[in-house]
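Notes for the structure review
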Amino acid sequence: MVGPLEGVRVLDLSRILAGPTCTQLLGDLGADVIKIERPGSGDDTRSWGPPFVTGKDGEPTRESAYYLCANRNKRSVAVDMASEDGARMIRALAAKADVLIENFKVGGLAKYGLSYADLKDEFPGLVYCSISGFGQTGPNAHKAGYDVMAQGYGGIMSLTGEPDGAPMKVAVGIADVMCGMYASTAILAALRHRDRTGEGQHIDLALVDAQIAWLINEGTNTLTSGRDPIRRGNQHPNIVPYQVFEVADGHVIVAVGNDAQYVRFCELIERPDLATNPDYATNAKRLENREALIPIIADCLKSMTRDALLAGLEERGVPGGPINTLSDVFASDQVEARDMKISVPHPLAEAGSVDLIGNPLKLSKTPVSYRRAPPTLGEHTDEVIREWLEGDG
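Residues numbered from 1 in each chain as written. Predicted model: local features only at pLDDT ≥ 70, side-chain atom pairs only at ≥ 80, totals over all residues. Heavy atoms only, no water.

A short note on the overall build of the protein
Each helix and strand counted, the protein has 17 helices and 13 strands in total. Taking the principal axes of the C-alpha coordinates as reference, the protein spans close to 80 × 50 × 40 Å. When the 393 residues of the protein are sorted by exposure, 44% land in the buried category. For the protein, long-range pairs separated by at least 24 residues make up 68% of all intrachain contacts whose partners lie at least 6 apart in sequence. Accessible surface for the protein amounts to roughly 19600 Å². Of this, 53% is attributable to carbon and sulfur atoms. Positive and negative charge centroids in the protein, built from 39 and 53 side chains respectively, lie 3 Å apart. (Helix = DSSP H or I, 4+ residues; strand = E, 2+ residues; numbered from the N terminus. Buried < 20%, exposed > 50% of the residue type's maximum accessible area, 1.4 Å probe, protein only. Contact = heavy atoms within 4.5 Å. Areas by Shrake-Rupley, 256 points an atom, 1.4 Å probe, with all protein chains shown as cover. Lys, Arg positive; Asp, Glu negative; His and termini not counted. Charge placed at Lys NZ, Arg CZ, Asp CG, Glu CD.)

Here it is in structure tokens:
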């Protein structure tokens, strides 16, 4: 058994990040994912580099690191769906699929006869997931959507960045990634329903909706208070002290989560008076008097070294941590212990393999598996036609 989704067939018409993040997760869990790509160019992200994989001749290949990040455990089929034969082939593949996922503009697949409305009656058990910028309905449904646009429209950029700085997007495509996570959850729920009733359905998922959903406490703060939050940089809107502080040799995260931890933290910085002072004794008071308290704490920490502060926090059971570079992250013993850096064989790579980020899911009975490197464009076209369309499957 290759995973809990072994036997589930996924026809992936998505590209870039949100859809591919979803289908990579399904593939890691054992699904057979067929990635449909345009002949010649393929997924847009193949060209989103450098960096590219170094080939056996020492020169860059066309396999970008961006493409690699979300496309393992898939097979690539090159099909021109704009042609009559191509659209017919995809329809034939859909007949064999449990799940179809796409991220075309709203209505974009109707011209090829591949929309949900075109397929639902012929394939009533098909779970059809559409990812778009603003969803299939609403005044903005016709607009394209990219991660940064979702972060802007959905409000997260208004919260991110220094208080006096410009609005700032999150450094990675987090709106896309979270949308992919929501998509995978919705697909699994729809498969559960299909397996019980035989009935497929349409999943309508919007990048902006998903981004609004993970505004979480800040969004609910606004709904509850009626006021827009302000940008606080690395500070927390509801907990103090919970932020990055400068130390003698760098920066450290201090994340005091309750009043008992705060007392122990004040002992560490040799300011027990800050714990007994009624202006700072409770989190609510610390929040109220943040502007007075934070400079005092910051001044105490400037003379401490990173390692001394981290050791003191750990000794006293006060949450805190380093700010690692990505090189630090992937070289850490924690990453090694948790298999969060993996290597998979790759036919074009000079090293014979490519390094990827591992899947965080640790299932005791049905673990994830890494069976295939991100495929080269059209690598499996003939193979999939034989298995899905010419075989008994």
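Points about the sheet that holds strand S2 (residues 32-37)
Spatially, S5-S2-S1-S6-S7-S8 is the arrangement adopted by the six strands of the open sheet, whose pairing is parallel. What marks the edges here is a single partner per strand, and that holds for strand S5 (74-78) and strand S8 (201-206). Taking each pair of neighbouring strands and ignoring which way they run, the sheet shows an average axis angle of 20°. As paired elements, strand S6 (residues 99-102) and strand S7 (residues 127-132) share four bridges and run parallel to each other. Note on S7: the bridge partner recorded for Glu-102 is Ser-130. Lying on the sheet, helix H3 (residues 84-96) is in contact with strand S1 (9-13), S2, S5 and S6; it crosses S1 at an angle near 150°. (Pairing = 2+ DSSP bridges. Axes fitted to C-alpha atoms, helices over the stretch in contact; angles between N-to-C directions.)

Side note on the pattern of salt bridges
Summed over the entire model, instances satisfying the criterion amount to 22 salt bridges. A salt bridge links Arg-75 to Glu-383; its shortest N-O distance comes to 2.7 Å. Linking Arg-75 in strand S5 with Glu-383 in helix H17 (residues 381-390), this pair joins segments that are 308 residues apart in sequence. By relative accessible area, Arg-75 is classed as buried at 2%. With a relative accessible area of 24%, Glu-383 lands in the partly exposed category. Sharing partners across several salt bridges, the network here consists of Asp-32, Arg-75, Arg-372, Glu-383 and Glu-387. (Salt bridge = Lys/Arg side-chain N within 4 Å of Asp/Glu carboxyl O.)

What about the nonpolar core?
In this structure, Val-10, Ile-131 and Ile-187 are the most contacted members of the largest nonpolar core, which totals 34 residues. Elements with a minimum of two residues in this core: helix H1 (18-28), S6, S7, helix H6 (156-159), helix H7 (174-197), S8 and helix H8 (207-213). By residue number, the principal contributor to this core is H7, which donates six residues. Apart from the residues lying within four places of it in its own chain, the contact partners of Ile-187 are Cys-22, Leu-26, Val-99, Ile-101, Cys-129 and Ile-203. Judged by nonpolar contacts, the second largest core, of 24 residues, contains Val-254, Cys-266, Ala-275 and Leu-313. (Core = buried A, V, L, I, M, F, W, Y, C linked by side-chain atoms within 4.5 Å.)

Points about the packing of aromatic side chains
As enumerated under the stated definition, the model contains three aromatic pairs in all. Between Trp-48 and Tyr-66, the ring centres sit 5.0 Å apart and the planes meet at 75°, which makes this aromatic pair edge-to-face. Separated by 18 residues along the polypeptide, Trp-48 in the loop between S2 and strand S3 (52-54) and Tyr-66 in helix H2 (residues 65-68) bring together distant segments of the chain. Judged by its relative accessible area of 36%, Trp-48 falls in the partly exposed class. With a centroid separation of 5.1 Å and an interplanar angle of 90°, the aromatic rings of Phe-134 and Tyr-153 are classed as edge-to-face. Taken as a pair, Phe-134 in the loop between S7 and helix H5 (147-153) and Tyr-153 in helix H5 lie far apart in primary sequence, 19 residues in all. Judged by its relative accessible area of 52%, Tyr-153 is exposed. (Phe/Tyr/Trp six-rings, centres within 6.5 Å; stacked < 30°, edge-to-face > 60°.)

Read these as spatial facts, not as claims about activity.
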